[in-house]
Amino acid sequence: MGLKVENLTVYYQTLRGDVRALEHASFQLADGEIMGLAGESGCGKPPLGHSLIVLFPPMKYIAGRVEVDGEEIPIWDAEGMNTYRFRKISLIPQYAMNAMNPIRKIGKMIGELLEARGVDYKDMLPELKRRLDLVSLPHEVLNMYPIELSGGMKQRMVMVISSLLNPSLLIADEITSALDVATQKAVAEMLVEFRERQFINNLIVITHDISILYQIADSILIMYAGVLAEKAPTKSIIESPRHPYTRLLISSLPEVGVRFAEKRLMGIPGNPPLLLNPPAGCRFRERCPLAYERCLEEPPFIEVDKDHFVACWKEYENHAQAR
Amino acid sequence: MRRYLIRKIVIYALTFFLAVTVDWLIPRFMPGDPIRNMLTRVSVASNATAIQMMYDYYARLFGLDLPLWQQYLNFWKALFQGDLGISTYLFPTPVVDVLKRAVPYDVFLLVPAILLGWYTGNKFGAFAARSKRLDNFVLPLSYILTATPYMWLGILLAWFFGIVLGIFPIAGAYSFSLRPTLSLTFALDLLHHWFLPFASIFIIEFGGWAIGMRNMIIYELEAEYSRYLNALGSPKSLVRKYAFNNAILPQITGLALKLGVIVAGALVTEVVFSYPGIGYLLLAAIQNQDYFLIQGCFLFIILGVLIANFVIDLVYLVVDPRTRRGMVGESA
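Residues numbered from 1 in each chain as written. Chains lettered and ligands numbered in written order. Predicted model: local features only at pLDDT ≥ 70, side-chain atom pairs only at ≥ 80, totals over all residues.

Enquirer: Account for the overall build of chain A, with residues named and values stated.
Expert: When you go through chain A residue by residue, the secondary structure sums to 9 helices and 12 strands. Scaling as 2.2 N^0.38, a compact globule of 323 residues should have a C-alpha radius of gyration of about 20 Å, and chain A matches this with 21 Å. The buried share of chain A, taken over its 323 residues, is 43%. (Helix = DSSP H or I, 4+ residues; strand = E, 2+ residues; numbered from the N terminus. Rg over C-alpha atoms; globule rule 2.2 N^0.38 Å. Buried ≥ 20, exposed ≤ 12 C-beta atoms within 10 Å, placed from the backbone.)

Enquirer: Residue-level account of the packing of helix α5 (residues 95-128) of chain B against helix α12 (residues 291-319) of chain B, with values.
Expert: Residue and element names in this part refer to chain B. Between α5 and α12, the shortest axis-to-axis distance is 10 Å and the interhelical angle comes to 45°. Overall, the two elements α5 and α12 adopt an arrangement that is oblique. As α5 runs across α12, the sense of the crossing is right-handed. Between α5 and α12, the contacting residues are Val-95, Val-98, Leu-99 and Val-103 on the first element and Phe-292, Leu-293, Gly-296 and Phe-300 on the second. (Axes fitted to C-alpha atoms, helices over the stretch in contact; angles between N-to-C directions. Parallel < 35°, antiparallel > 145°, perpendicular 65-115°, else oblique. Left-handed = near helix turned anticlockwise from the far one by under 90°. Contact = placed C-beta atoms within 7 Å.)

Enquirer: Describe the sheet that holds strand β5 (residues 71-73) of chain A, listing the residues and the values that go with them.
Expert: Strand-to-strand pairing in sheets goes through backbone hydrogen bonds, with the strands running parallel or antiparallel. Residues and elements named next belong to chain A. The strand order across the open sheet formed by 4 strands is β2-β1-β4-β5, and the pairing between neighbours is antiparallel. Both outer strands of the open sheet, β2 (17-28) and β5, are each paired with one neighbouring strand and no more. Each adjacent strand pair in this sheet contributes to an overall mean axis angle of 10°, direction not counted. As defined by bridge partners, strand β1 (residues 3-14) adjoins β2 across 7 bridges and the pair is classed as antiparallel. Bridge assignment links Thr-14 to a residue of β2, and that residue is Gly-17. (Pairing = 2+ DSSP bridges.)

Enquirer: Talk me through the nonpolar core; I want residue IDs and the actual numbers.
Expert: Formed by 158 residues in total, the largest nonpolar core has its most connected members in Ala-172, Val-205, Ile-222 and Met-223 of chain A. Ranked by residues supplied to this core, first place goes to helix α8 (residues 184-221) of chain B with 15 residues. Residue contacts for Ala-172 of chain A: discarding those within four places in its chain leaves Ile-92, Leu-191, Leu-203, Ile-204, Val-205 and Ile-206 of chain A. (Core = buried A, V, L, I, M, F, W, Y, C linked by C-beta atoms within 7 Å.)

Enquirer: Tell me what's going on with the interface of chain A and chain B, and back it up with residues and numbers.
Expert: Each partner contributes to the interface: chain A provides 23 residues, whereas chain B provides 19 residues. Counting residues per element, the ones that place at least two in the side of chain A that touches chain B are β6 (89-92) and α2 (106-116) of chain A. Top element by residues in the side of chain A that touches chain B is α2 of chain A. It accounts for 3 residues. Its residues assigned to classes, the side of chain A that touches chain B comprises 15 nonpolar, 4 polar and 4 charged. (Nonpolar A, V, L, I, M, F, W, Y, C, P; charged D, E, K, R; others polar.)

Enquirer: Talk me through the environment of Val-10 of chain A; I want residue IDs and the actual numbers.
Expert: Residues and elements named next belong to chain A. Tracing the sequence through the fold places Val-10 in strand β1. With 220 residues separating them in the primary sequence, Val-10 and Glu-230 have C-alpha atoms 19 Å apart. In this structure Val-10 touches Ala-21, Leu-22, Pro-47, Ser-51, Leu-55, Met-59, Lys-60, Tyr-61 and Ile-62, once residues within four positions along its chain are discounted.

Enquirer: Give me the pairing of strand β3 (residues 34-38) of chain A: which residues, what numbers.
Expert: Residues and elements named next belong to chain A. With 5 of its 5 residues buried, β3 lies for the most part within the structure. Here β3 shows no split at all, with Ile-34, Gly-36 and Ala-38 on one side and Met-35 and Leu-37 on the other all buried. The pairing of β3 with strand β8 (residues 202-206) spans 4 bridges and is parallel. Looking at the pairing, Ile-34 lines up with Leu-203 of β8. Looking at chain direction, β3 and strand β9 (residues 219-224) are connected through 4 bridges and run parallel.

Enquirer: Account for the packing of helix α11 (residues 278-287) of chain B against α12 of chain B, with residues named and values stated.
Expert: Residue and element names in this part refer to chain B. Where α11 contacts α12, the axes come no closer than 9 Å and their chain directions differ by 150°. By the angle class used here, α11 and α12 are roughly antiparallel. Seen from above, α11 lies across α12 with left-handed handedness. Contacts from Ile-278, Leu-281, Leu-282, Ala-285 and Ile-286 in α11 reach Leu-293, Ile-294, Cys-297 and Phe-300 in α12. Grouping the constituent residues of the contact of α11 with α12 by class yields 9 nonpolar, no polar and no charged.

Enquirer: Explain the environment of Asn-136 of chain B residue by residue, including any values.
Expert: Structurally, Asn-136 of chain B is set in helix α6 (residues 132-147). A sequence separation of 122 residues divides Asn-136 of chain B from Leu-14 of chain B, and the C-alpha atoms of the two residues are 46 Å apart.

Enquirer: Give me the lowdown on helix α5 (residues 181-196) of chain A, citing residues and values where you can.
Expert: Residue and element names in this part refer to chain A. Here α5 is 16 residues long and its end C-alpha atoms lie 23 Å apart, about the 22 Å a rise of 1.5 Å per residue gives. Here α5 has its buried residues at Gln-184, Val-187, Ala-188, Leu-191 and Phe-194. Relative to the axis of α5, the buried residues are bounded by an arc of 110° and lie together on one face. Along α5, the residues that are exposed and aim more than 90 degrees away from the buried face are Ala-182, Glu-189, Glu-193 and Glu-196. If you follow the buried residues of α5, they end up packed against α4 (151-162), β7 (169-173), β8 and α6 (210-216). Looking one or two residues past α5, Gln-198 carries a phi angle of roughly 60°, positive in sign. (Expected span 1.5 Å × (residues − 1). Arc of directions from axis to C-beta.)

Enquirer: Break down the environment of Phe-75 of chain B for me, with residues and values.
Expert: Along the chain, Phe-75 of chain B turns up in helix α4 (residues 68-80). Considering only alpha carbons, one finds Phe-75 of chain B and Ala-48 of chain B, 27 residues apart in sequence, at a separation of 31 Å.

Enquirer: Pulling in residues and values, what's your account of the sheet that holds β3 of chain A?
Expert: Residues and elements named next belong to chain A. Reading across from one edge, β6-β7-β8-β3-β9-β10-β12-β11 is the order of the 8 strands in this open sheet, with mixed pairing throughout. The open sheet terminates on both sides in strands that have one partner only, identified here as β6 and β11 (302-305). Recorded for the sheet is a direction-independent mean angle of 25° between the axes of neighbouring strands.

See the structure below:
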C-alpha cells in the first residue's frame, strides 16, 4: 500500500507573508520503497518531509491529503497526529546528536517515552536489545547518559528508538551530514537492513548528498523551489535524467575516474527564487537553458515513462508526440 | 569521587581563610577607634588621666595595643578555640553569645523565605510558561517585583499593613510587653512580627525565580530533545517534565549564587523592621566600630555562604549526571 501524497501544499508563516515552501506535491511510494529526496538548499525538502509528521507552526497546512497503508493521516491536526506519530510515521531528526534528554539514562528515557505511548517497556526490552545488536551497540548504552556516547553511537541509538514501534513510514532527515564517510555508509546500510527485516515499510531519506542515495534508494525525488521536479527510479535519475534541473544537478556531481583538472566541474548558474513571491509558471525558468514561452505556465507533474515523473513542458510535448 | 570532594574541600578551606582574613582587615582599616567610642558612650570620667588609664586598660584587655601581625595571629588562635572576643558595643557580652541570640531569628526568617520563594517561584514560573494569557499577566508583574529594592518594598509593606491597616506590628521580633517563653501567646506574637519581614523577602525572591524559570522552560521546550519527543508523539506532560528537570539545574546554581546577596538583602529588611537578626546587629556593630562583633557577623555570613555552596555542589552531583562525568574525567 505504501505512502500516497496528493496535492500537498504547506506554507511557512512569516512576518512578511506566507512563504510558499511546498506546493501541489503529489506522489506515491510502492510497498517497501526507499525514496531519496534531494535538491539544493531552500528547495523545500524539509517542508515535505516534516509536514508528514511534525506540522507545527510556523508551518501552515493549506491543502492536500496523505494516506499511509490506505488510511488517511490528519497531518493538519497537531494534537490528533500524536496517535500516528512513532507508531505509523516516525522521524530520525537532523539533530540526532542532541535528540536525547541529557539528564536521563537512555534506557529510562525510552521507558518513559514508551509508557507515555501506552507500550510496556519490559515487553519491548528483548526486541530493543535485538535491535541494539543489529546496529552493533552494546546493551550497556541503555544504562548510560547520552553524553557518554560518541556521535555515531547517538545516531544509531536514535535510529533504533525512532523505528522501535515498526512505523510504516520512516523519515530520515539529513542523517548522514554530521558523520564521516565510513560511518555514513554503515548508517545508510543499517536503514536498508531495517527495511529488509520489515521494521519499516517505506523510508524517505532527505539529503543533499546524492551519492548516498545512489547506494540505498530505490527512487529519487528531485525538488526545486518548493515544487516537485522529477521522480524516477534511482538508476534513471542518475543515468538518464529528463528535467533540465536534474540534468544540471547530476552533471555538477563529481564522477569516479574523471580528472577534474581536464574537465572543470560545472555548477548551476544563478540561485533558486525566493518563495515569498515565486515567479508564475515553471519556477526553474530563469535558470533553465531550454526555457521557452510555454514555461510561463506551470508545467504538470506527469508520468512520461514507467515510474518516471517529470514537471517540464519539453518533456510533456515529447511525451505527447510519442503517443 | 573522593578526589573530587577533597579538591572541593581544599578550595573551600582556602576561600574561608582568605575571606576571614579580609573580614579581620576591614574593621581595622575603618577610621575611628572602638575603645574611645565605648568610653565616650558610657562617659565614665571627665578627668583626662583617668580616661587615658582606662583606655590603656581596655586596649590591653582587647589586645589592641599589640602590633597588627600579632593581633592577627591571636585572632586565628582564638578563632580555633571558638572565641570571637568580647563585644565593645554590648560590653561585656562575648560576641559568641550575642550571635547566639541573633542567629535563631535569622534562620527563622531567611530559611523559609529563601526556600519557599525559590520553590514556589520555580513552580509558578514553569506553570506560567504553559499559558500565553497567564504569561502576559505574570511576566510584567514579576519584573516589577524582582526589580523592587528590598527596603522599598519593606517600607511599603510596613506602611500599608502596619500604619494604614494596622494589622501587623512594624518593629521588633516580639512585643515589648512579652518575655521569650515557650507559650502559645509568645509563639503567635513571634509569628505576627515575623510575617512582614518574611513577606518582603519572599515576594521579591518569588518574582525573580518565577521569571528565571519561565525563561528557562521556554528555552528547554524549544530544545532538540523536546522537539524529538514531540515528533514521537509524546504527551505534553512528559515533555514538560523533562523541560522542568533540565531547567531547574541553573536555578539550583542560581540559588547558591544568590545566597550571598540574600544575606545583604536581609540586612536591609532587618533594619527596616528592626528585626534583631545578624543584619541588624551588623549595622549596630559598624556604627559603634565594634571590631569583634563585625568580625563575628561577617564570619557567620561567610560560613553560611560557603556551607550553602558546598551543599549545592553535592546536590548537583546527584541531579546532573554531566557533573559526575566531568568529575571522573578530571580525576582520570
